Amino acid sequence: MMTYRNVMDAFSHCGLGAILTAQDNAILDINETGDRLLHGEGKMKGMVLDQAAPFLLKDEGADCIGNPAFNVYLKACPSPELADLPPGTRLLVFRDATQEVRHDILLSILDHVPEAITVYDSECRMLMLNGAAEKLESHLSENILGKHGEELFTAQKDSVLAIPLVLEEKRPILNLRQNFVTHLGKKLHLVSNSYPIMEKGRLVAAMCMQEDLSALDNLSKRVSELQRLLTVAHNSPKAQTGPSLSASYHFSDISYTGAAMRKTIERCQLIAESDSPVMIYGETGTGKELFAQSIHNASRRRDRPFIAINCAAIPGTLLESMLFGTEKGAYTGALQREGLLEQANMGTLLLDEINSMDITLQSKLLRVLQDGMVRRVGGLNSTHVDVRIISNTNIPPMQAIEEKQLRKDLYYRLGVVNITIPPLRERKDDIPLLAKNFIMAGNEKIRKNASGLDEQTLQIFYAYDWPGNVRELQHAIEYALNILPHDLEIILPEYIPEHILEAVGAQRYAPVPAHREPQNVRQAMQEAARRCIRQALEQNGNNISRTAKAVGLTRQNLQHYIKKLGMIP
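Rules of the game
- Residues numbered from 1 in each chain as written.
- Predicted model: local features only at pLDDT ≥ 70, side-chain atom pairs only at ≥ 80, totals over all residues.
- Heavy atoms only, no water.
- Salt bridge = Lys/Arg side-chain N within 4 Å of Asp/Glu carboxyl O.
- Helix = DSSP H or I, 4+ residues; strand = E, 2+ residues; numbered from the N terminus.
- Buried < 20%, exposed > 50% of the residue type's maximum accessible area, 1.4 Å probe, protein only.
- Pairing = 2+ DSSP bridges.
- Axes fitted to C-alpha atoms, helices over the stretch in contact; angles between N-to-C directions.
- Contact = heavy atoms within 4.5 Å.
- Parallel < 35°, antiparallel > 145°, perpendicular 65-115°, else oblique.
- Left-handed = near helix turned anticlockwise from the far one by under 90°.
- Nonpolar A, V, L, I, M, F, W, Y, C, P; charged D, E, K, R; others polar.
- Core = buried A, V, L, I, M, F, W, Y, C linked by side-chain atoms within 4.5 Å.
- pLDDT = per-residue confidence, 0-100.
- Arc of directions from axis to C-beta.
- Polar contact = N/O pair within 3.5 Å; in protein donor to acceptor, adjacent residues only side chain to side chain.
- Phe/Tyr/Trp six-rings, centres within 6.5 Å; stacked < 30°, edge-to-face > 60°.

Scanning the model with the defined rule gives 18 salt bridges in all. Among the salt bridges present, the one from Asp29 reaches Lys45, with a minimum N-O distance of 3.4 Å. Of this pair, Asp29 sits in strand E2 (residues 27–30) while Lys45 sits in the loop between helix H2 (32–37) and helix H3 (49–52), placing them 16 residues apart in sequence. Looking at Asp29, the relative accessible area reads 7%, which means it is buried. In this structure, Arg376 and Glu327 form a salt bridge, with 3.6 Å as the shortest nitrogen-oxygen distance. Of the two residues, Arg376 is situated in the loop between strand E17 (373–375) and strand E18 (382–384) and Glu327 in the loop between strand E14 (325–326) and strand E15 (337–338); the sequence distance between them amounts to 49 residues.

Here it is in structure tokens:
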């Protein structure tokens, strides 16, 4: 039969430290590994743990405990119940967790790096990726870790995948332009720097840093546009320049994992190759302008102006003069000014909420579409323009026609190609990735350090119908980040907007005790959480780490709940 001393020695051989203490925390015995981890140099016996290693007692059950004197992190381990332990003693078991802490710190640092970084093992299997890579490639790490690189990415014609080459040749490959398609069908145009990672002369991994070339191309286009405007202003101070804009978004900026959005994007990428008018239908908040800009940036007109105007925000008379331009004297105060149709010549004009445009003005726009000729308000001469029209509406086009909001003949001109953007309730498998991207953007904007959603929060998001679609999800995340305490990294249900909780219904996620009548959803959830945590604490002997694991929370979030709910473990 093994004695506790044999068990302590066995622990030592397994890399575990073990200390036998009396009720007053005096150290009665310590194994070799424990002495080494605590740098005791054989002098620990007889000392009081409060003085020799007080950090082991400050927060019993902690995930990792720091030894500030030696920059070592220790992790408490479950202690076995031994029948031969001397009366009034206890066995404290712990191990070195320094590498784990450094690993977690490294991952946190990588998630704050703006460049997309991916790491593969020596067999070209995905080992890790940071948040920027998740956003760029539109997939979550938990879905692709362990998968082979050639299973995740397919190189397009005249392009190669960098990581297999780095692993084969064991040398860095720098400034490599890559065109490939992800396993979800997302097309990417990147420049990458890839490096082999060696350990004692042996290849163990490869790292790739990527930058989206479409974003760089867009920046270059903006610089060129600014230079043009500055040149015009310098040479002709009185010149009337229009609000010529560059489209900011590309298809690579659209986050998705599901088939519904992938099919829509693939169709739009084909549509971008032509000059046919496009009408986009999507509910409020689905990202209609994002698609319009992406179509422009993927078309042959990408280097020409992209101009957007909201037809619902501008009165009819003013909208007409903005679209067609004016001749001096056309009406009181009018100046000679080219309209948006002329300014968008050779480029793209987006008519946002076209169904809000006055019916009379729709007929004038129809004539422009028929012959390509524009006559300014008050003018006599017409000018030919070559403009691709993209329009959008937040109600189905046929409904807009029936409700006399859209001329049928104009619809047949503008709707040569029709695109319907699926609402968020029909693409809920995209919610985790969208939420992760919004959290990353919100962290930078609001100066928070959140890393993701609590599992219950995610389930509530799945159950909600999202009438405001992706924009509403973005606002919900931003709201949560604004009120999230700085010491929390996970968005808990109590920090999401009240109307979402009420719409989902408390009983589905937080059953209400029969003896208590909660006043609202939030109170119901708090009652259920209090009861669940109290029961788990009792079952785990008030050990915070074991309780957190039992209820599916991080230790930090569990402690937050305990404090928030006024509980004492």
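Here we take up the sheet that holds strand E6 (residues 116–121). Across the sheet, six strands lie side by side as E7-E6-E11-E10-E9-E8; this open sheet has antiparallel pairing. Pairing within the sheet leaves two strands with one partner each, and these edge strands are strand E7 (126–129) and strand E8 (153–155). Across the sheet, the mean angle separating the axes of adjacent strands is 40° when strand polarity is ignored. Relative to strand E9 (residues 173–182), E8 is paired through three bridges, and the arrangement is antiparallel. By the bridge assignment for E9, Ala155 is matched with Phe180. Along the sheet, helix H9 (residues 162–169) contacts E6, E9, strand E10 (187–199) and strand E11 (202–212); its crossing angle with E11, the most-contacted strand, is approximately 150°.

Looking now at the sheet that holds strand E20 (residues 417–420). An order of E13-E16-E19-E12-E20 is seen for the five strands of this open sheet, with the pairing classed as parallel. Only two strands of the sheet have a single partner each, and these edge strands are strand E13 (306–310) and E20. Within this sheet the neighbouring strands show an average axis-to-axis angle of 20°, counted without direction. With four bridges connecting them, strand E16 (residues 348–352) and strand E19 (residues 388–393) associate as parallel partners. If you follow Thr348 over to E19, its bridge partner there is Arg388.

Glancing now at the packing of helix H13 (residues 316–324) against helix H15 (residues 359–371). Where H13 contacts H15, the two axes come as close as 11 Å, and the packing angle between them is 15°. Classified by the interaxial angle, the pair formed by H13 and H15 is roughly parallel. Relative to H15, the crossing made by H13 is left-handed. The segment H13 lies against H15, with Gly316, Leu319, Glu320, Leu323 and Phe324 engaging Leu361, Lys364, Leu365 and Val368. The residue makeup of the contact of H13 with H15, split by class, is six nonpolar, one polar and two charged.

Here the phi dihedral of Asp158 falls at roughly 65°; this positive angle occurs in a residue that is not glycine. With respect to the helices and strands, the residue Asp158 is situated in the loop between E8 and H9. Phi is positive for Asn175, close to 50°, though the residue is something other than glycine. Position of Asn175 among the secondary structure elements: in strand E9. What makes Asn175 exposed here is its relative accessible area of 61%.

By size, the foremost hydrophobic cluster in this structure holds 36 residues, and its most contacted members are Phe461, Trp466, Leu473, Ile477, Ile491 and Ile500. Listing elements by their share of this core, those giving two or more residues are helix H18 (431–446), helix H19 (455–463), helix H20 (469–483), helix H21 (498–504), helix H22 (521–539), helix H23 (544–551) and helix H24 (555–564). Apart from the residues lying within four places of it in its own chain, the contact partners of Ile491 are Ile439, Gly452, Leu453, Asp454, Thr457, Ile477, Ala480, Leu481, Leu484 and Ile496. Core analysis: the next-biggest nonpolar cluster, separate from the first, contains 30 residues, Ala344, Ile354, Val368 and Tyr411 among them.

A few words now on the pairing of E20. Burial of the side chains of E20 is restricted to one face: Val417 and Ile419 are buried, whereas none of Asn418 and Thr420 on the reverse face is. Here four bridges tie strand E12 (residues 278–281) to E20, and the two strands are oriented parallel to one another. Directly across from Tyr281, in E20, lies its bridge partner Thr420.

With that out of the way, let us pick up the pairing of E19. Counting buried residues along E19, six of its six residues qualify, which places the element largely inside the surrounding structure. Where burial is concerned, the two faces of E19 agree: the one with Arg388, Ile390 and Asn392 and the one with Ile389, Ser391 and Thr393 are both buried. For E12 and E19, the ladder comprises four bridges, and the chain directions are parallel. By the bridge assignment for E19, Ile280 is matched with Asn392.

What follows covers the environment of Ala22. Within the secondary structure layout, Ala22 lies in the loop between strand E1 (16–21) and E2. Taking the C-alpha atoms as reference points, Ala22 and Leu49, separated by 27 residues in sequence, lie 9.7 Å from one another. Here Ala22 is in contact with Leu28 and Gly88, once residues within four sequence places are set aside.

Of the residues in the protein, 84% have a pLDDT of 70 or more, and the chain-wide mean is 83. Under a pLDDT of 50 for its full length, residues 231–244 has, in the predicted model, 14 contacts with residues more than four places off or in other chains. Confidence drops under a pLDDT of 50 for residues 506–519, and excluding neighbours within four residues, the segment shows 23 contacts in the predicted structure.

A few words on the side chain of Thr21. Along the polypeptide, Thr21 turns up in strand E1. When sequence neighbours within four positions are dropped, the list of residues in contact with Thr21 reads Ala26, Leu28, Leu49, Gly88, Thr89 and Arg90.

It is worth spelling out H19 at this point. Within the sequence span of H19, burial applies to Thr457, Leu458, Ile460 and Phe461. Projected onto a plane normal to the axis of H19, the buried residues spread over an arc of 160° and lie on a single side. Capping the start of H19, Asp454 holds a side-chain oxygen 2.9 Å from the backbone nitrogen of Gln456, two or three residues further along.

Moving on, we come to the packing of aromatic side chains. Tallied over the entire structure, the rule returns four aromatic pairs. Measuring from centroid to centroid gives 5.1 Å for Phe153 and Phe180, while their planes differ by 70°, and the two rings are edge-to-face. Here the residue Phe153 occupies a position in strand E8, and Phe180 occupies one in strand E9, the gap between them amounting to 27 residues. Take Phe153: its relative accessible area is 6%, and that puts it in the buried class. The exposure class assigned to Phe180 is buried, which follows from its relative accessible area of 2%. A centroid spacing of 4.7 Å and a plane angle of 80° characterise the contact between Tyr464 and Trp466, whose relative ring orientation is edge-to-face. Of the residues examined, Tyr464 reaches a relative accessible area of 7% and is grouped as buried. Through successive ring pairs, a cluster of aromatic residues spans Phe461, Tyr464 and Trp466.

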